[in-house]
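So the chains spell out like this:
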Amino acid sequence: QVQLVESGGGLVRAGDSLRLSCAASGPIFSYYTMGWFRQAPEKEREFVARIGLGSSLTSYIDSVEGRFTISRDDAKNTVYLQMNSLKPDDTAVYYCAASALDFPRADSARHYPFWGQGTQVTVSS
């Protein structure tokens, strides 16, 4: 069982940056594809970014491409989401998730059985 704990959310202004962290329990963290998802009020949860084993493969939703960067440190069992040039539309609860599937197959929320509790990101205009 993988347990995930997010941190780093907060209230910022448009154009600011935040870095989210997700600490994972268990020694097999390096065997998982890791993802970040978000859910805005009254909207469905959406994929934001994912990273494969060894950090060689990454994928982003179009709206954050070039502004957000996902990374992982397997030695620290931690995955990060660096968010730059934040916009009010980025306001949401951000969730970290883990999948036992390889990168190509871990392409939707249903492939991630392990989730953190979420961290709120609010971007004011």
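For the structure, check the block above.
Rules behind the numbers
Residues numbered from 1 in each chain as written. Predicted model: local features only at pLDDT ≥ 70, side-chain atom pairs only at ≥ 80, totals over all residues. Heavy atoms only, no water. Helix = DSSP H or I, 4+ residues; strand = E, 2+ residues; numbered from the N terminus. Buried < 20%, exposed > 50% of the residue type's maximum accessible area, 1.4 Å probe, protein only. Contact = heavy atoms within 4.5 Å. Areas by Shrake-Rupley, 256 points an atom, 1.4 Å probe, with all protein chains shown as cover. Lys, Arg positive; Asp, Glu negative; His and termini not counted. Charge placed at Lys NZ, Arg CZ, Asp CG, Glu CD. Pairing = 2+ DSSP bridges. Disulfide = S-S within 2.5 Å. 1 Å grid on protein atoms, 1.4 Å probe; cavity = no way out; pocket = protein on both sides within 12 Å on 5 of 7 lines; lining within 4 Å. Points joined across faces, edges and corners; volume = space filled by probe spheres on them. Salt bridge = Lys/Arg side-chain N within 4 Å of Asp/Glu carboxyl O.

**Topic: the overall build of the protein**
Item 1. A tally of regular secondary structure across the protein gives 0 helices and 11 strands.
Item 2. Its helices and strands taken in sequence order, the protein reads β-β-β-β-β-β-β-β-β-β-β from the N to the C terminus.
Item 3. Counting only C-alpha atoms and orienting by the principal axes, one finds that the protein spans roughly 40 × 25 × 25 Å.
Item 4. Burial analysis of the protein (125 residues in total) assigns 46% to the buried set.
Item 5. Restricting to contacts in the protein with at least 6 residues of sequence separation, those with at least 24 account for 59%.
Item 6. Surface summary for the protein: the accessible area is close to 6,500 Å², and the carbon and sulfur share equals 48%.
Item 7. The protein carries 12 positive and 13 negative side-chain charges, and their two centres are separated by 2 Å.

**Re the pairing of strand 9 (residues 92-99)**
Side chains on a regular strand alternate between the two faces of the sheet.
Item 1. With 7 of its 8 residues buried, strand 9 lies for the most part within the structure.
Item 2. Note: strand 4 (residues 33-39) against strand 9, 7 bridges, orientation antiparallel. The residue bridging Phe 37 from the neighbouring strand is Tyr 95, located in strand 9.
Item 3. With 3 bridges joining them, strand 9 and strand 11 (residues 119-124) adopt antiparallel strand pairing. Of the residues in strand 11, the one forming a bridge with Ala 92 is Val 121.
Item 4. For strand 9 and strand 10 (residues 114-115), the ladder comprises 2 bridges, and the chain directions are antiparallel. Looking across to strand 10, one finds that Ala 98 is bridged to Phe 114.

**Things to note about the environment of Phe 103**
Item 1. Tracing the backbone shows Phe 103 in the loop between strand 9 and strand 10.
Item 2. Taking the relative accessible area as the measure of exposure, Phe 103 reaches 12% and is therefore buried.
Item 3. Taking the C-alpha atoms as reference points, Phe 103 and Thr 69, 34 residues apart in sequence, are found 16 Å from one another.
Item 4. What Phe 103 contacts, discounting residues up to four positions off in sequence, is Thr 33, Arg 50, Ile 51, Gly 52, Leu 57, Thr 58 and Ser 59.

**Section: the state of the cysteines**
Item 1. Counted under the stated rule, the structure contains 1 disulfide.
Item 2. Two residues, Cys 22 and Cys 96, share a disulfide whose sulfurs are 2.1 Å apart. Across the disulfide from Cys 22 to Cys 96, rotation about the S-S bond amounts to roughly -75 degrees, and the bridge is consequently left-handed. Here Cys 22 is found in strand 3 (residues 18-24), whereas its partner Cys 96 is found in strand 9, with 74 residues between them in sequence. This pair shows no difference in class: Cys 22 is buried, exactly as Cys 96 is.

**Some words on the layout of surface pockets**
Item 1. By volume, the largest pocket is sized at about 160 Å³.
Item 2. Lining the largest pocket are Arg 38, Gln 39, Ala 40, Lys 43, Glu 44, Glu 46, Pro 88, Asp 89, Asp 90, Thr 91 and Ala 92.

**Here's the deal with the pattern of salt bridges**
Item 1. Evaluation of the coordinates by the stated rule reveals 5 salt bridges.
Item 2. Salt-bridge contacts for Asp 74 lead to Arg 72; the nearest nitrogen and oxygen are separated by 2.9 Å.
Item 3. Look at Arg 72 and you get buried, because its relative accessible area is 9%.
Item 4. Here Arg 105 and Asp 102 are joined by a salt bridge, their closest N and O atoms 3.1 Å apart.
Item 5. Classification of Asp 102 by relative accessible area gives partly exposed; the value is 38%.
Item 6. One salt-bridge network, in which partners are shared between bridges, spans Arg 38, Glu 46, Arg 67 and Asp 90.

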